[in-house]
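Observations on chain architecture
Each chain is listed here by its residues.
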Amino acid sequence: MKTAFVGKGGSGKTTLSSLFIRHLAAGGTPVIAVDADINQHLGAALGLDERVAAGLPAMGDHLPLIKEYLRGDNPRIASAETMIKTTPPGEGSRLLRVCEDNPVYDACARPVELDGGAVRLMVTGPFTDADLGVACYHSKTGAVELCLNHLVDGPDEYVVVDMTAGSDSFASGMFTRFDMTFLVAEPTRKGVSVYRQYKEYARDFDVTLKVIGNKVQGPDDLDFLRAEVGDDLLVTVGHSDWVRSLEKGRPPRFDLLETAGRDALRLMQSAADATYELRDRERYTRQMVHFHLKNARSWGNERTGADLAAQVDPGFVLGDTVTTSA
Ligand SMILES: Nc1ncnc2c1ncn2[C@@H]1O[C@H](COP(=O)(O)OP(=O)(O)O)[C@@H](O)[C@H]1O
Ligand SMILES: [Mg+2]
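This report concerns the structure included in the present document. Every chain's residues receive numbers from 1 upward, in the order its sequence appears when written. Here every chain gets a letter starting at A, and every ligand a number starting at 1, in the order they are written. Where local features are concerned, this predicted model is filtered to residues with pLDDT of at least 70; where side-chain atom pairs are given and counted, the filter is 80 or more; whole-chain, interface and lining totals use all residues. Side-chain measures here rest on the full set of heavy atoms in the structure, leaving out hydrogens and waters.

**Section: the overall build of the chain**
- Only DSSP runs of H or I reaching four residues or more are called helices, and only runs of E reaching two or more are called strands; each is numbered from the N terminus. When helices and strands are counted, the chain shows 12 helices and 10 strands.
- With C-alpha atoms as the basis for the radius of gyration, the globule rule is written as 2.2 Å multiplied by the number of residues raised to the power 0.38. In terms of C-alpha radius of gyration, the chain reaches 19 Å, essentially the compact-globule figure of 20 Å for 326 residues.
- Overall, the chain is about 55 × 40 × 40 Å in size when its C-alpha atoms are taken along their principal axes.
- Here's how the labels work: a residue is buried when its accessible area is under 20% of the maximum for its type, exposed when over 50%, partly exposed in between, all with a 1.4 Å probe on protein chains only. A burial count over the chain gives 56% of its 326 residues as buried.
- Contacts were defined at the residue level, with two residues in contact if any of their heavy atoms lie within 4.5 Å. Considering only residue pairs separated by 6 or more positions, the chain has 74% of its internal contacts joining residues 24 or more positions apart.
- When the accessible surface of the chain is summed, it comes to about 14,100 Å², and 49% of that surface belongs to carbon and sulfur atoms.
- Two residue types count as positive, namely Lys and Arg, and two as negative, namely Asp and Glu; His and chain ends fall outside the count. To locate a charge, take NZ of a lysine, CZ of an arginine, CG of an aspartate or CD of a glutamate. Looking at charge distribution, the chain has the averaged site of its 36 positive side-chain charges lying 2 Å from that of its 46 negative ones. Reported accessibility uses the Shrake-Rupley method at a 1.4 Å probe radius. Residues are deemed covered only where the shown protein chains occlude them.

Given below as structure tokens:
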């Protein structure tokens, strides 16, 4: 399952991503955790110390390697240089699986030990001003989008992306790459306005969006979220002393997380798991092609000097296994 956490800065995306990752790991589920947020804090939230977190390899620094590997011997992709963040896989491309070793994980992923087992952590690397809001060739989140578009995952495997709700996820197709998008919102007008904006973008793309109300303090907060968000509200989470201890650098054992938090995490996993049966693999592939053609027209063709529409393999569908070409 591919899941994303989005929302306003400070709403609790990183906190809830990290709790969800810990929850999955505790249940023995294989997880690839991806930090694609402007503020790179997922490593720390997973318990890495600052120095180790700062030393993680950045996906953004390994784009040539990622492209070269994923391209494989796909005859439609002449070189890694003509591969942009939206270039879709086709016959001959290499696909990634959650549980395997490959050169992309070797270069970009590091194991993080959690109660219950290790997860793989990948980080985009810190954003600079040049990375924000641009549909750019070197886009940091481009590395993540490429990996998601080349990743086949089954029902009991998870990719969890901690992500900004910023304009570069809408300029590309990033926001359509998930089985489930958890929008974290505090019970405030600003929290809810990010939800509305996301919902608006997502409307035409069948994005499954559920709101996680965070820092909800009482019936008034709950009423507010219910009124503003309606059926999209999946669950609410209150203040957590466990999280506060984590912030102090002293995370208690995960099984000591408050019951309400644990219940919320279980519900989130059920909601994400339930989307598996509804997966529309053709639509997923069609959308990556849609965004690729859009990016090709708006900047990619010009930038690479190639006709990037020719990269599309019309017979290809990204499935759950690795043999999918028509
Ligand atoms: N449920 C919670 N209980 C206690 N503190 C929380 C909770 N959710 C978030 N926080 C705190 O709020 C701050 C912002 O959360 P963070 O996850 O970093 O937000 P974001 O990633 O959306 O910017 C952090 O200090 C975090 O520890
Ligand atoms: Mg964050």
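**Overview of empty space enclosed by the protein**
- Residues are called lining when one of their atoms sits within 4 Å of a cavity or pocket point, these points coming from a 1 Å grid over the protein atoms alone, where a cavity is a set in which a 1.4 Å probe fits but cannot get out and a pocket is an open set with protein on both sides within 12 Å along at least five of seven lines. Grid points are joined across faces, edges and corners, and a volume is the space filled by probe spheres set on the points. Overall, the coordinates contain two cavities of 30 Å³ or more when judged by the stated rule.
- Volume-wise, the largest cavity comes out at about 70 Å³.
- Lining the largest cavity are Ile32, Val34, Met59, Leu96, Tyr105, Met122, Val144, Cys147, Leu148, Leu151, Val159 and Val161.
- Of all the elements in the fold, those that place two or more residues in the lining of the largest cavity are strand S2 (31-36), helix H6 (140-149) and strand S7 (158-163).
- In terms of residue count, the dominant contributor to the lining of the largest cavity is H6 (three residues).
- Classification used: nonpolar for Ala, Val, Leu, Ile, Met, Phe, Trp, Tyr, Cys and Pro, charged for Asp, Glu, Lys and Arg, polar for all others including Gly. Class assignment of the residues belonging to the lining of the largest cavity gives a composition of 12 nonpolar, no polar and no charged.

**So, the coordination of the magnesium ion (ligand 2)**
- Donor criterion used throughout: N, O or S atom within 2.8 Å of the metal, extended to 3.2 Å for Na, K and Ca. Water excluded; incomplete-looking sites may result. The coordination sphere of the magnesium ion (ligand 2), as far as protein atoms go, consists of Thr14 (OG1) and Asp37 (OD), spread over 2.0 to 2.5 Å. Here Thr14, found in helix H1 (residues 13-26), pairs with Asp37, found in the loop between S2 and helix H2 (42-45); they are 23 residues apart in sequence, far enough to count as distant. Take Thr14 and Asp37: they sit in the same class, and that class is buried.

**With respect to the nonpolar core**
- The nonpolar core is taken to be a set of buried Ala, Val, Leu, Ile, Met, Phe, Trp, Tyr and Cys residues, with the residues joined through side-chain atoms within 4.5 Å. Met59 and Leu183 are the most contacted members of the largest nonpolar core, which totals 55 residues.
- Every residue in contact with Met59, bar those within four places of it in the chain, is listed here: Val34, Ile66, Cys108, Met122, Val123, Thr124, Ala143, Val144 and Cys147.
- Leu19, Val112, Trp242 and Leu246 belong to the second-largest nonpolar core, a separate cluster that totals 38 residues.

**Observations concerning unusual backbone geometry**
- Located in the positive-phi region is Asp206, a residue other than glycine, with phi close to 55 degrees.
- Note that Asp206 resides in the loop between helix H8 (189-202) and strand S9 (209-213).
- In the Ramachandran plot, Lys215 falls in the positive-phi region, its phi being about 60 degrees despite a non-glycine side chain.
- Of note, Lys215 is situated in the loop between S9 and helix H9 (219-229).

**Looking at the pairing of S9**
- Within S9, four of the five residues are buried, leaving the element largely enclosed by the surrounding structure.
- Inspection of the sheet shows strand S8 (residues 180-185) paired to S9 by five bridges, in the parallel sense. In the sheet register, Leu183 faces S9, and the bridge partner there is Val211.
- When the strands point away from the viewer, a crossover counts as right-handed if the path from the first strand over the helix to the second runs clockwise. In this view, the connection linking S8 to its parallel neighbour S9 by way of H8 has right-handed handedness. When DSSP finds two or more bridges between a pair of strands, those strands are recorded as paired.

**Let's talk about the layout of surface pockets**
- For the largest pocket, the calculated volume is near 1,100 Å³.
- If you trace the largest pocket, you find 50 residues lining it, with Thr14, Thr15, His41, Ala45 and Glu247 closest to the centre.
- Elements with a minimum of two residues in the lining of the largest pocket: H1, H2, helix H3 (50-54), helix H10 (241-247) and helix H11 (259-274).
- With six residues, the top contributor of residues to the lining of the largest pocket is H1.
- Empty space within the second largest pocket amounts to approximately 330 Å³.

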